[in-house]
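Spelled out from the first residue to the last, the chains are:
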Amino acid sequence: MGIFKIAFIGGGNMGQSMATAVIKNNLAAPQDVCISDISQQKLEQLQSELGVRISTSNEEAVAGMDVVVLAVKPQTLDVVMGEISGKLPRPALLFSIVAGKKMETLIDGFRHQAVVRAMPNTPAQIGKGITIWTATQDVMAAQRLNAEAIVHVMGRGIYTGYESYLDMATAVSGSGPAYTFLFIEEMIKAAEAIGMPEELAKILVLQTVVGSAEYAKATEKKLSELRDNVTSPGGTTAAAMNVLEECDFGGFIQRAVEAAYRRAQELGAK
């Protein structure tokens with residue numbers, strides 16, 4: 001027995017992950033979850049795996065729902081708005097994870113006032129994500145509790161009253177897993193290049209990244225101090241850090257985040 005009925009518009013990775021987490025944590029019973037998507041094959045797979053209701057009609061999917069999650073690509077949003085504008089149940093909460101699309105766009109496009117805009121990231125698939133979110137003033141107390149519950153089952157949540165932080169978070173935590181995966185991938189390749197077996201390299205690199213992140217969270221020391229503690233003058237780490245500094249590693253990261261941020265703003269302007 002769940003606490004609300006919920007529809008997911010979009011059955012992609014994030015929509016599927018959120019639906020799985022909602023059911024697993026008993027926020028909604030499988031029969032009270034409906035997922036809509038353009039792919040019948042995808043829907044049948046989700047129905048088989050999760051026991052949810054499915055539909056290729058967005059209007060049918062949102063009927064009678066307490067929460068409607070928008071989990072579509074930004075380029076698809078206009079089509080979805082055209083299909084269900086003004087058709088959301090009056091007491092429903094619209095919960096959007098569409099990158100870049102602002103609250104004003106969602107309110108006007110769906111003709112619905114109770115809106116939450118959130119930016120989760122892919123570790124939400126295992127309950128280890130980070131989600132920054134905000135809400136309109138029209139979101140009632142009970143709807144806010146539902147939003148908080150959804151955010152909680154995906155990992156950690158941070159509420160902000162400043163919508164501008166959402167596009168920034170898109171570039172940092174939303175896209176961040178890709179930057180991290182690239183770093184991990186290249187570390188493993190580098191280990192292989194000096195003669196280490198791939199499986200051993202993967203174990204060492206993954207645990208190093210996880211352990212370093214947990215250590216940074218557990219201590220009050222600054223990251224620069226932690227880095228200095230590892231970097232003995234004239235030692236092996238110092239040799240590596242010299243190369244990273246010569247290559248402007250920090251500058252590349254900054255430019256990458258800035259590019260993602262600009263793109264998030266562009267998506268919101270369209």
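Scroll up a little and you will see the structure.
Q: So what exactly am I meant to see when it comes to the overall build of the chain here?
A: What the chain contains, in helices and strands, is 12 helices and eight strands. Its C-alpha atoms give the chain principal-axis dimensions of roughly 65 × 35 × 30 Å. Evaluated residue by residue, the chain yields a buried proportion of 41% over its 270 residues. Put simply, of all contacts in the chain between residues at least 6 apart along the chain, 62% involve residues at least 24 apart. When the accessible area of the chain is evaluated, it comes to approximately 15300 Å², of which 56% is carbon and sulfur surface. Considering the chain, the positive charge centre built from 24 side chains and the negative charge centre built from 29 side chains are found 3 Å apart.

Q: Any chance you could explain the packing of helix α7 (residues 164-174) against helix α8 (residues 176-193) here in plain terms?
A: The angle between the axes and the distance between the axes are what describe a pair of packed helices. Two elements in contact, α7 and α8, have axes whose closest approach is 5 Å; the angle formed by their N-to-C orientations is 25 degrees. As judged from the angle between their axes, α7 and α8 are roughly parallel. Of the residues in α8, those touching α7 at Ala171, Val172, Ser173 and Gly174 are Gly176, Pro177 and Tyr179. In terms of residue class, the contact of α7 with α8 is built from four nonpolar, three polar and no charged.

Q: Would you take a moment to explain a nonpolar patch on the surface for this structure?
A: Residues Phe183, Met187, Leu244, Phe249 and Ile253 make up a contiguous nonpolar surface patch of about 410 Å² in total accessible area. Of all the secondary structure elements, the ones that give two or more residues to the nonpolar patch are α8 and α12 (249-269). By the secondary structure assignment, leucine 244 is in helix α11 (residues 236-246).

Q: Is there a simple way to think about helix α6 (residues 141-153) in this case?
A: Residue pairs spaced three or four apart in an α-helix point in one direction, given the helix's 3.6 residues per turn. Taking 1.5 Å per residue as the helical rise, α6 with its 13 residues ought to reach 18 Å, and the 19 Å between its terminal C-alpha atoms agrees with that figure. Among all positions of α6, only Gln143, Asn146, Ala147, Ala149, Ile150, Val151 and Val153 are buried.

Q: How do you make sense of the nonpolar core when you look at a structure like this?
A: Soluble globular proteins tend to bury their nonpolar side chains together. Counting residues in hydrophobic clusters, the biggest one holds 37 residues, and the most contacted among them are Ile6, Phe8, Met18, Ile35, Phe95 and Ile150. When residues no more than four places from it in sequence are discounted, the contact partners of isoleucine 35 are Phe8, Gly10, Gly11, Ala19, Leu43, Leu46, Leu50, Val52, Arg53, Ile54 and Ser55. With 21 residues, the next largest nonpolar core counts Val62, Met65, Ile84 and Val98 among its residues.

Q: Quick question: what am I supposed to make of the sheet that holds strand β1 (residues 6-9) here?
A: Spatially, β3-β2-β1-β4-β5-β6-β7-β8 is the arrangement adopted by the eight strands of the open sheet, whose pairing is mixed. The open sheet is flanked by β3 (53-55) and β8 (155-159), the only strands paired with a single partner. Between one strand and the next, the sheet's axes are offset by a mean angle of 20 degrees, whatever the strand orientation. Bridge count for β1 against strand β4 (residues 67-70) is four bridges, and the pairing is parallel. In the strand pairing of β4, isoleucine 9 is matched with leucine 70.

Q: Please clarify how helix α1 (residues 13-24) should be interpreted in this entry.
A: In this model, α1 (12 residues) spans 16 Å end to end at C-alpha, consistent with the 16 Å of a helix rising 1.5 Å per residue. Counting buried residues along α1, nine of its 12 residues qualify, which places the element largely inside the surrounding structure. Among all positions of α1, only Met14, Gly15, Gln16, Ser17, Met18, Ala19, Ala21, Val22 and Ile23 are buried. Next to the buried residues of α1 lie β1, β2 (33-36), α2 (40-50), β4, β5 (93-96) and α6.

About the thresholds
Residues numbered from 1 in each chain as written. Predicted model: local features only at pLDDT ≥ 70, side-chain atom pairs only at ≥ 80, totals over all residues. Heavy atoms only, no water. Helix = DSSP H or I, 4+ residues; strand = E, 2+ residues; numbered from the N terminus. Buried < 20%, exposed > 50% of the residue type's maximum accessible area, 1.4 Å probe, protein only. Contact = heavy atoms within 4.5 Å. Areas by Shrake-Rupley, 256 points an atom, 1.4 Å probe, with all protein chains shown as cover. Lys, Arg positive; Asp, Glu negative; His and termini not counted. Charge placed at Lys NZ, Arg CZ, Asp CG, Glu CD. Axes fitted to C-alpha atoms, helices over the stretch in contact; angles between N-to-C directions. Parallel < 35°, antiparallel > 145°, perpendicular 65-115°, else oblique. Nonpolar A, V, L, I, M, F, W, Y, C, P; charged D, E, K, R; others polar. Patch = residues over 30% accessible without salt bridge, like charges linked within 9 Å, V, L, I, M, F, W, Y side chains within 5 Å. Salt bridge = Lys/Arg side-chain N within 4 Å of Asp/Glu carboxyl O. Expected span 1.5 Å × (residues − 1). Core = buried A, V, L, I, M, F, W, Y, C linked by side-chain atoms within 4.5 Å. Pairing = 2+ DSSP bridges.

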